[in-house]
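What follows is the residue order along each chain.
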Amino acid sequence: MDRILISACLLGRPVRYDGTGRRLADPRLERWQAEGRLVPICPELMGELPVPRPAAEIAGGIGADVLAGRARVVTAAGEDMTAAFVAGAEVALDLARRNGCNFALLIDRSPSCGSFNIYDGTFSGRRMAGAGVTATLLAAHGIGVYADHEIDRLAEAVETGTRREPDAG
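Now for a quick tour of the structure. Computed from a prediction, not measured in an experiment: that's the story for all the values here.

1. Concerning the sheet that holds strand E5 (residues 101–106)
- Strand order in the open sheet made by the 4 strands is E2-E1-E5-E8, with parallel pairing throughout. Since the sheet does not close on itself, it has two edges, and those belong to strand E2 (38–41) and strand E8 (144–147), each with one partner. Here the average twist between neighbouring strands, direction ignored, is 25 degrees.
- Note that E5 and E8 share 4 bridges and pair parallel. Bridged to Leu-106 within E8 is Ala-147.
- Sheet contacts for helix H1 (residues 27–34): strand E1 (3–7), E2 and E5; angle to E2, the most-contacted strand, approximately 105 degrees.
- Sitting on the sheet, helix H4 (residues 82–98) is in contact with E1, E2 and E5, with an inclination near 165 degrees to E2.

2. Description of the environment of Gly-61
- Within the fold, Gly-61 resides in the loop between strand E3 (56–59) and helix H3 (63–67).
- Owing to a relative accessible area of 16%, Gly-61 belongs among the buried residues under this scheme.
- The spacing of Gly-61 and Ala-71 is 10 residues in sequence and 5.5 Å in space, taken between C-alpha atoms.
- In this structure, Gly-61 is in contact with Ala-71, Ile-118 and Met-128, ignoring residues within four places of it in sequence.

Quick notes on the rules
- Residues numbered from 1 in each chain as written.
- Predicted model: local features only at pLDDT ≥ 70, side-chain atom pairs only at ≥ 80, totals over all residues.
- Heavy atoms only, no water.
- Pairing = 2+ DSSP bridges.
- Helix = DSSP H or I, 4+ residues; strand = E, 2+ residues; numbered from the N terminus.
- Axes fitted to C-alpha atoms, helices over the stretch in contact; angles between N-to-C directions.
- Contact = heavy atoms within 4.5 Å.
- Buried < 20%, exposed > 50% of the residue type's maximum accessible area, 1.4 Å probe, protein only.

Right under this line is the structure:
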């Protein structure tokens, strides 16, 4: 039985930067939770950031750039939070491996969990194509990463046992 790493905020847990959750109501999530397939994570908390915490964005690139040391995760006030985001991603990867998670369902637009879009680092609300730090690290290690708006594709992959190829980036 494939296990699924999931952003804890998608289960309604109040772990987002502003102290809220963003529950994804879907009967498949309820079924997977009842079957013991879901492994909740919050990479920012796993990187020892508090709730609430200042909003953060990737400045100077995308998650792959952060992992390569070419970009930083910062707050609007310029506080560098890169080390916490990288540490949280590494803990999430370790947890995925220890729990046999072949898939991850992560909230999009997050500097940690975004897999399609992230904010552009200017704190202007503009988005750009790219993945966050955790999504990038998981995909690079063979875990099929799906955004919250891709639950249909995830369900199909879980049912067939197929994994998405890691995105370049």
